[in-house]
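# Structural characterization, general
Letter by letter, the chains look like this.
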Amino acid sequence: MPPGKEGKIELIVEHTEGYNGEMAKSATVTTNDPANPTLVITMRARILGAPPPDKPTAQPVKIVGPFAVEPSPRWVTSAISGTSSAGTLFFYNPETTPVHIKKVEPGGTDFTATLVTLQDGKRYQLSVATNPALKPGTYKQTVKVETDSATTPNMQVELEATVFPHVFASPTSILFPTLPASSDLSAINWPKVYVRKVREGGLKITSFSTDISFLKLNLETELEGQVYAIRLSLDQSKIKPGAFQGKIHIETNDKDVPTIEVPVKGQFN
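This write-up is about the structure you can find in this document. (Residues numbered from 1 in each chain as written. Predicted model: local features only at pLDDT ≥ 70, side-chain atom pairs only at ≥ 80, totals over all residues. Heavy atoms only, no water.)

### Remarks on the pairing of strand β9 (residues 123–130)
Put simply, the rule reads: Whether a residue is buried, partly exposed or exposed follows from its accessible area with a 1.4 Å probe, protein chains only, as a fraction of its type maximum: under 20%, in between, or over 50%, in that order. A run of DSSP states H or I qualifies as a helix once it reaches four residues; a run of E qualifies as a strand once it reaches two. Both are numbered from the N-terminal end. Two strands are counted as paired when DSSP detects at least two bridges linking them.
Most of β9 sits out of view: seven of its eight residues are buried. Where strand β6 (residues 85–92) meets β9, seven bridges bridge the pair, whose relative direction is antiparallel. In the sheet register, Ala-86 faces β9, and the bridge partner there is Ala-129. Across eight bridges, strand β8 (residues 111–119) lies against β9 in antiparallel orientation. By the bridge assignment, Gln-119 is partnered in β9 with Arg-123. A loop of three residues connects β8 with β9, the two strands running antiparallel in sequence, and Gly-121 in this loop sits at a positive phi of about 85°.

Following this line, the structure appears as C-alpha cells:
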C-alpha cells in the first residue's frame with residue numbers, strides 16, 4: 001500500500017469442512033518503517049460444527065456396509081497442546097429396513113467417541129474429540145462400531161491427530177540454495193526463524209546459538225512475550241565450498257518446550 005495510506009489485509013482460512021475446535025493462524029506484514037519493519041497479525045477462532053443434516057448431502061459419501069458415512073470414516077485433525085479438537089461423523093441407512101448401531105468402542109484413550117441416536121435404525125451421529133492431555137506428536141486410533149447388520153456386523157472409523165506444542169519455531173528446517181562461495185552474499189535477504197507462543201504469552205528467548213561457523217544470528221522482538229524472530233546473516237570470510245549442515249539451538253523459559261532445534265543445511269560451490 002502507498003506510504004501514509006490505509007489498506008486492507010484479509011485473512012481467510014479455507015477448507016474448514018468437518019473441523020471443530022480452536023485454531024490460530026498468523027500472517028507477517030513487512031514494511032519500510034525502520035522502527036517497525038515487521039508486524040505479525042494473529043487470528044484466533046473457534047470453529048463450531050454445523051447441526052446434523054436430515055439426510056445425506058448431494059456430495060459423494062463413503063459407503064461402509066449398510067451406512068453412508070459423512071464426511072468420511074476417517075477423521076484427521078490437529079490441535080495445540082493443552083487443547084482439544086472435536087468433530088462429528090454421521091451415519092445414514094439409506095434402505096427401508098432398519099439397521100441399528102448397538103455399541104461403539106473408542107479403541108483407546110487418545111480420542112473419545114460418543115454415539116448419539118438421531119433416528120433409531122436410520123441416522124446416527126458419532127462425536128469424536130482428541131484428549132487435551134496429549135503431548136506433541138501424531139496419534140492414531142481405531143473406533144469399532146458394532147451393528148445388527150447380518151452382512152456387516154462390525155465397522156471401523158480411523159482417527160488421526162497431530163498435536164503441536166504451544167511454543168514452536170517456523171520454519172521447522174532451513175535449506176539454503178546452492179550458491180557460489182565467491183559471490184556477494186551480503187545482499188541476499190535470508191529467511192527469519194520465528195518463535196511463537198500460541199496462548200497466554202510470557203514467552204522469553206533465554207539463549208540462541210548455532211553450530212554452523214559462518215552463520216550469524218540476531219534476535220528481534222516482534223510481539224513481546226509471544227513472537228520473536230531470529231534474523232540470519234552470513235560471515236563470508238568463514239564460508240568454504242562444499243556441503244554443510246547443522247542446527248540453530250533456541251532456549252526458552254517455557255517449561256514444556258525449553259529447547260527448540262531448527263536443522264539447517266545447504267551447499268556452496
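From this point, the discussion proceeds with the structure in view.
### Observations concerning the pairing of β6
For β6, the buried fraction is high: six of the eight residues fall into the buried class. Alignment of strand β4 (residues 67–70) against β6, held across three bridges, turns out to be antiparallel. Its bridge partner being in β6, Ala-68 is matched across the sheet by Tyr-92.

### Some details on the side chain of Ser-149
The line we're drawing: Polar contact is defined as a pair of N or O atoms within 3.5 Å, subject to the rule that within protein one atom must be able to donate a hydrogen and the other to accept it, and that residues adjacent in sequence are counted only when both atoms are side-chain atoms. Two residues qualify as a contact provided that any one of their heavy atoms is within 4.5 Å of a heavy atom in the partner residue.
Topologically, Ser-149 is positioned in the loop between β10 (137–147) and β11 (154–164). Of the polar contacts made by the side chain of Ser-149, one reaches the backbone nitrogen of Thr-152; its length is 3.1 Å. The residues touching Ser-149, leaving out its near neighbours within four places in the chain, are Pro-66 and Val-99.

### Considering the nonpolar core
To be explicit about the condition: We call a set of buried Ala, Val, Leu, Ile, Met, Phe, Trp, Tyr and Cys residues a nonpolar core when their side-chain atoms join them within 4.5 Å.
Of all hydrophobic cores here, the largest spans 29 residues; its most connected members are Leu-234, Ile-248, Ile-250 and Phe-268. For this core, the secondary-structure elements that each account for two or more residues are β12 (167–170), β14 (192–197), β16 (215–223), β17 (227–234), β18 (242–252) and β19 (259–268). With residues near it in sequence (within four places) discarded, Phe-268 still touches Leu-179, Ala-181, Leu-185, Phe-214, Leu-234, Ile-239, Lys-240, Pro-241, Gly-242 and Phe-244. Counting 23 residues, the second largest nonpolar core, distinct from the first, contains Tyr-124, Val-128, Leu-134 and Ala-161.

### Details of the sheet that holds strand β13 (residues 174–175)
Read from one edge to the other, the open sheet built from four strands follows the order β13-β19-β18-β15, with strand pairing classed as mixed. The sheet is open, and its two borders are formed by β13 and β15 (205–210), each paired with just one other strand. With five bridges joining them, β15 and β18 adopt antiparallel strand pairing. By the bridge assignment for β18, Thr-210 is matched with Ile-248.

### With respect to the pattern of salt bridges
The condition that has to hold: A side-chain nitrogen of Lys or Arg and a carboxyl oxygen of Asp or Glu constitute a salt bridge if their distance falls within 4 Å.
Counting across every chain of the model gives eleven salt bridges. Of the charged contacts in the structure, one is a salt bridge between Lys-103 and Glu-105, with a shortest N-O distance of 3.5 Å. Accessibility expressed as a relative area gives 37% for Glu-105, which makes it partly exposed. For Glu-261, the salt bridge goes to Lys-247, with nearest N and O atoms at 3.1 Å. A residue pair is termed long-range when its members are at least 10 positions apart, and Glu-261 in strand β19 and Lys-247 in strand β18 qualify at 14 residues. We classify Glu-261 as partly exposed; its relative accessible area is 39%. When salt bridges that share partners are traced, they join Lys-102, Lys-103, Glu-105 and Glu-146 into one network.

### Digging into the environment of Gln-226
Tracing the chain through its elements places Gln-226 in the loop between β16 and β17. Along the primary structure Gln-226 and Lys-204 are separated by 22 residues, whereas in three dimensions their C-alpha atoms are 8.0 Å apart.

### Brief notes about the packing of aromatic side chains
Note the following rule: Within 6.5 Å between ring centres, the rings of Phe, Tyr and Trp (the latter by its six-membered ring) count as paired, and their orientation is classed by plane angle as stacked under 30 degrees, edge-to-face over 60, tilted in between.
In this structure the tally under the stated criterion is nine aromatic pairs. Between the aromatic rings of Trp-75 and Phe-111, the centroid separation amounts to 6.4 Å while the plane-to-plane angle is 75°, which identifies the pairing as edge-to-face. Linking Trp-75 in strand β5 (residues 74–80) with Phe-111 in strand β8, this pair joins segments that are 36 residues apart in sequence. Taken individually, Trp-75 and Phe-111 each receive the classification buried, so the pair is uniform in this respect. Geometrically, the ring pair formed by Phe-214 and Phe-244 is edge-to-face, given 5.0 Å between the ring centres and 85° between the ring planes. Here the residue Phe-214 occupies a position in the loop between β15 and β16, and Phe-244 occupies one in strand β18, the gap between them amounting to 30 residues. Here the two residues Phe-214 and Phe-244 agree in accessibility, since each one is buried. Members of the aromatic cluster, each reached through a chain of ring pairs, are Phe-176, Trp-190, Phe-214, Phe-244 and Phe-268.

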